There are 2 protein chains.
Amino acid sequence: MTGWENVRYLSGFTGSNGALFIGRDGNARLATDGRYLVQAAAESPDLDVIESRRPAPGLVASCRDAGQSAIGIEAAHVTLAQVRGLHTAADDGVTLVETDGVVEALRAVKDAEEIAALRRACEITDAAFSDVVLKLSPGVTERQVADRLYSAMRAAGAEAAAFDPIVGFGPHSAIPHHQPTDRELGRGDLVKTDFGARYDGYHADLTRTVVLGPAAHWQRELHAQVAGIQQDCRAAATPGALPSQLDTQASDAITAAGYRPAHGLGHGVGLQIHEDPFLTPSSTAGELAPGMVITIEPGIYLEGRGGVRIEDTGVVTAAGFDPLTTVTRDLLEL
Amino acid sequence: MTGWENVRYLSGFTGSNGALFIGRDGNARLATDGRYLVQAAAESPDLDVIESRRPAPGLVASCRDAGQSAIGIEAAHVTLAQVRGLHTAADDGVTLVETDGVVEALRAVKDAEEIAALRRACEITDAAFSDVVLKLSPGVTERQVADRLYSAMRAAGAEAAAFDPIVGFGPHSAIPHHQPTDRELGRGDLVKTDFGARYDGYHADLTRTVVLGPAAHWQRELHAQVAGIQQDCRAAATPGALPSQLDTQASDAITAAGYRPAHGLGHGVGLQIHEDPFLTPSSTAGELAPGMVITIEPGIYLEGRGGVRIEDTGVVTAAGFDPLTTVTRDLLEL
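Residues numbered from 1 in each chain as written. Chains lettered and ligands numbered in written order. Predicted model: local features only at pLDDT ≥ 70, side-chain atom pairs only at ≥ 80, totals over all residues. Heavy atoms only, no water.

Draft legend 1. Representation of the overall build of chain A within the structure. Within chain A one finds 9 helices and 18 strands. Considering only C-alpha atoms, chain A reaches an extent of 70 × 40 × 35 Å along its principal axes. Sorting the 334 residues of chain A into buried and exposed places 53% on the buried side. Sequence separation of at least 24 residues holds for 65% of the intrachain contacts in chain A that already meet a minimum separation of 6. (Helix = DSSP H or I, 4+ residues; strand = E, 2+ residues; numbered from the N terminus. Buried < 20%, exposed > 50% of the residue type's maximum accessible area, 1.4 Å probe, protein only. Contact = heavy atoms within 4.5 Å.)

Draft legend 2. Seen up close, the domain arrangement of chain A. Residue and element names in this part refer to chain A. When the domains of chain A are assigned, the result is domain 1 (4-107) and domain 2 (112-323). The gap between the C-alpha centroids of domain 1 and domain 2 is 35 Å. Summing both partners gives a buried area of about 620 Å² for domain 1 against domain 2, and 43% of it is carried by carbon and sulfur. It is Glu5, Arg8 and Arg107 in domain 1 that bury the most area against domain 2; as a group they hold 69% of the surface buried on that side. A salt bridge links aspartate 200 to arginine 8; its shortest N-O distance comes to 3.8 Å. In this assembly, domain 1 and domain 2 are joined by 3 residue pairs in polar contact (both at pLDDT 80 or more). Mapped by element, the contributors of at least two residues to the side of domain 1 that touches domain 2 are helix 1 (4-11) and helix 5 (102-108). (Domains from an automatic or database assignment. Buried area = accessible area lost by both parts, 1.4 Å probe. Salt bridge = Lys/Arg side-chain N within 4 Å of Asp/Glu carboxyl O. Polar contact = N/O pair within 3.5 Å; in protein donor to acceptor, adjacent residues only side chain to side chain.)

Draft legend 3. Inspection of the interface of chain A and chain B at higher detail. Of the residues lining the interface, 26 residues belong to chain A; the matching set on chain B comes to 25 residues. Summed over both sides, the interface between chain A and chain B buries roughly 2100 Å², with carbon and sulfur atoms accounting for 44% of that surface. Area buried by chain A at its contact with chain B is led by A:Leu80, A:Arg143 and A:Arg154, which between them contribute 29% of it. At the surface where chain A touches chain B, the tally comes to 6 salt bridges. For B:Arg154, the salt bridge identified is with A:Asp147, shortest N-O distance 2.7 Å. Connecting chain A to chain B are 14 residue pairs in polar contact (both at pLDDT 80 or more). Secondary-structure elements contributing two or more residues to the side of chain A that touches chain B are helix 4 (80-90) and helix 7 (142-155) of chain A. Of the residues forming the side of chain A that touches chain B, the biggest block, 6 residues, is contributed by helix 7 of chain A. For the side of chain A that touches chain B, the residue count by class is 12 nonpolar, 5 polar and 9 charged. (Nonpolar A, V, L, I, M, F, W, Y, C, P; charged D, E, K, R; others polar.)

Draft legend 4. View of the environment of A:Ala70. Residues and elements named next belong to chain A. The topology assignment puts alanine 70 in strand 4 (residues 70-74). For alanine 70, a relative accessible area of 33% corresponds to the partly exposed category. Considering only alpha carbons, one finds alanine 70 and alanine 285, 215 residues apart in sequence, at a separation of 28 Å.

Draft legend 5. The arrangement of the relation of the copies chain A and chain B in detail. With an RMSD of 0.1 Å, the fit of chain A onto chain B corresponds to turning through 179 degrees and sliding 0.0 Å along the axis. Accordingly, the operation relating the two chain copies is best matched by a two-fold axis. Residue A:Thr79 of chain A places its C-alpha closer to the rotation axis than any other residue of that unit, at 1.9 Å. In this assembly the copies share their binding face: 96% of the residues contributing to the interface of chain A also contribute to that of chain B. (Least-squares fit on C-alpha atoms with pLDDT ≥ 70 in both.)

Draft legend 6. Seen up close, the sheet that holds strand 1 (residues 18-22) of chain A. Residues and elements named next belong to chain A. The mixed open sheet is built from 3 strands, whose spatial order is 1-2-3. If you trace the sheet from one side to the other, it starts and ends with strand 1 and strand 3 (48-51), each paired once. Averaged over all neighbouring strand pairs, the angle between strand axes comes to 20 degrees, with direction disregarded. Pairing between strand 1 and strand 2 (residues 28-32): 5 bridges, direction antiparallel. Within strand 2, the residue paired with leucine 20 across the bridge is leucine 30. Running at roughly 50 degrees to strand 1, helix 1 makes contact with strand 1 and strand 2 of the sheet. Strands in contact with helix 3 (residues 55-65) are strand 1, strand 2 and strand 3; relative to strand 1, the strand with the most contacts, it is inclined by about 30 degrees. (Pairing = 2+ DSSP bridges. Axes fitted to C-alpha atoms, helices over the stretch in contact; angles between N-to-C directions.)

Draft legend 7. Spatial organisation of the sheet that holds strand 11 (residues 206-211) of chain A. Residues and elements named next belong to chain A. Here 3 strands make up an open sheet; going across it, the order is 7-8-11 and the pairing antiparallel. Two strands lie at the open edges of the sheet, namely strand 7 (166-169) and strand 11, each paired on one side alone. Sheet twist, expressed as the average angle between the axes of neighbouring strands with direction ignored, equals 10 degrees.

Draft legend 8. Here's a closer look at the side chain of B:Thr295. Residue and element names in this part refer to chain B. The topology assignment puts threonine 295 in strand 14 (residues 293-296). A polar contact is formed between the side chain of threonine 295 and the side chain of glutamate 297, at a distance of 3.0 Å. Excluding anything up to four places from it in sequence, threonine 295 contacts Asp205, Leu265, Gly266, His267, Val269, Leu279, Glu311, Asp312 and Thr313.

Draft legend 9. Examining the packing of helix 3 (residues 55-65) of chain B against helix 4 (residues 80-90) of chain B more closely. Residues and elements named next belong to chain B. Two elements in contact, helix 3 and helix 4, have axes separated by 8 Å at closest approach and are oriented at 25 degrees. Comparing the axis directions of helix 3 and helix 4 gives the class roughly parallel. Along this stretch, helix 3 crosses helix 4, giving a crossing that reads as right-handed. Each of Ala56, Pro57, Val60, Ala61 and Arg64 in helix 3 lies in contact with helix 4, whose residues at this interface are Gly85, Leu86, Ala89 and Ala90. Of the residues belonging to the contact of helix 3 with helix 4, the class tally is 7 nonpolar, 1 polar and 1 charged. (Parallel < 35°, antiparallel > 145°, perpendicular 65-115°, else oblique. Left-handed = near helix turned anticlockwise from the far one by under 90°.)

Draft legend 10. Broad picture of the pairing of strand 8 (residues 190-195) of chain B. All names here are of chain B. The element strand 8 is largely enclosed, with a buried count of 6 among its 6 residues. Burial along strand 8 is two-sided: Leu190, Lys192 and Asp194 and Val191, Thr193 and Phe195, pointing in opposite directions, are all buried. Judged from the 6 bridges that link them, strand 8 and strand 11 (residues 206-211) form a sheet pairing that is antiparallel. Each residue of the ladder has a partner; that of phenylalanine 195, found in strand 11, is leucine 206.

Now the structure itself:
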């Protein structure tokens, strides 16, 4: 396999250039280039480590020489250009078998160590929200708020931002994935922040929408509608629920309120910020199971006026959805 | 095509989910999903824009229906999983032809507008170096320096960091791609910083190595050797030079000085931080041509003691290599 998150998940190796083979007999070998040999030996002490300038073809050749008859290759991570090199390395001595989402399915259910890292990432994110958003004042720009969120997360121990923070004031809050600009915050503006920390490779994802000054009636109403839908969806995200049906529940509720659904309800979170299971209309993901970590993030957007999204990252447990992001979901009036 | 930098390069569309077809007759159509329709119409006003939840298969189906007989697909950007969807969409009505590096070759030579963006990215990077590195004092940590570089670039107008800054003190400077830690700066430490700004989609890449306090003899000698090799390679990076031979020139000089080459001499820079042409031993890139923007970044690393790398981003012109990063290459003693 060559998807780096999958290699890391199964081997512990965090370098950016590696390929991993695991045999049915449990024997495993990891290929990487010379820059990462010391690191690979330290991070994956139980594996045979092979040096190769081009790890994936190098690994295939090594498996061929070891008498392996077939090797699975990850269809979602191997390009048409790369597969040519794999076939050359296989040299008719070993059969390449395309696989789909095998490791992604394993990764969807988190173990205790992973949940601990996700919990820490979410704690850092909650703390940055409180540090930065609760202290906003008129005149600050979207870019400045994004920078403050980044700095607050780093200062609290984040290894990186999970993604570039989304910060939208006023009408910009109606753009689901708005990139921060030099727009200044004005009284009466909705403030939508969507950001998260990465900790030990694991991501957090949090969206809150607040207002500077007293909320207008339409803002209060919009926020209450989204908050209600988000609460209902959290309550429904129990083991056995189907991700596509949860998405339908949210979009039906948004439609019933008189608005148009703009995006899916959520997604899995882990070594990637977006991973299985996806909570979308076309999701083919199976039932939610204990240990899955997902976001619940409905939003309603009024073009030219403003939008509200409320998002939590949380873990599915036997007792229901347990939020890892816990900062208040109330409509704060700053 | 589906490589997003390639789509952006040819169409102007900057969304993250799009596919572009350009016909021999010059007709072009861009497919993207509903989130990006308004943006696509604004950024690519001359193109037919097609809405599709899955832009690449949607585009293939659209071309098939329009009577197209063959479509090029980018082998380096289409995965095995994606190509199945393209074949389904083609439905035997249109032939899919794998292409290799067609747009990447066009992108290797920059026009005036691109060079202006690269120049601005490099100016921001130079300024951040002066702001941060020249003011270092004992006790600061690698992570803190990385954060200061990021903040200084953002404050100077960068839209993002070109990549996570590399900051290595003392023995850490001997690790080519060292990730910043909580190590504190001590007197006599070499300080290696490798970072850059992104501006309007274009990247800068700058490495300098300085020392805190008076340099030891071995540090001065090491720095002088790398500086000499870097200067010679800049002088040789003229139109007509072969990237693989430039790399050989550098590695031969490093070997002649008694050290082991640890990485390639450089790479193209543009919409990606690493792009064609690559200055490596195995590079198949053709001769350098005016308008190419590349890095020249030789380094020598003494494990456990320290390393020196000096890197500039610059443009190949008829008159030779013109550095866009211009901050002093002398061994500064802070």
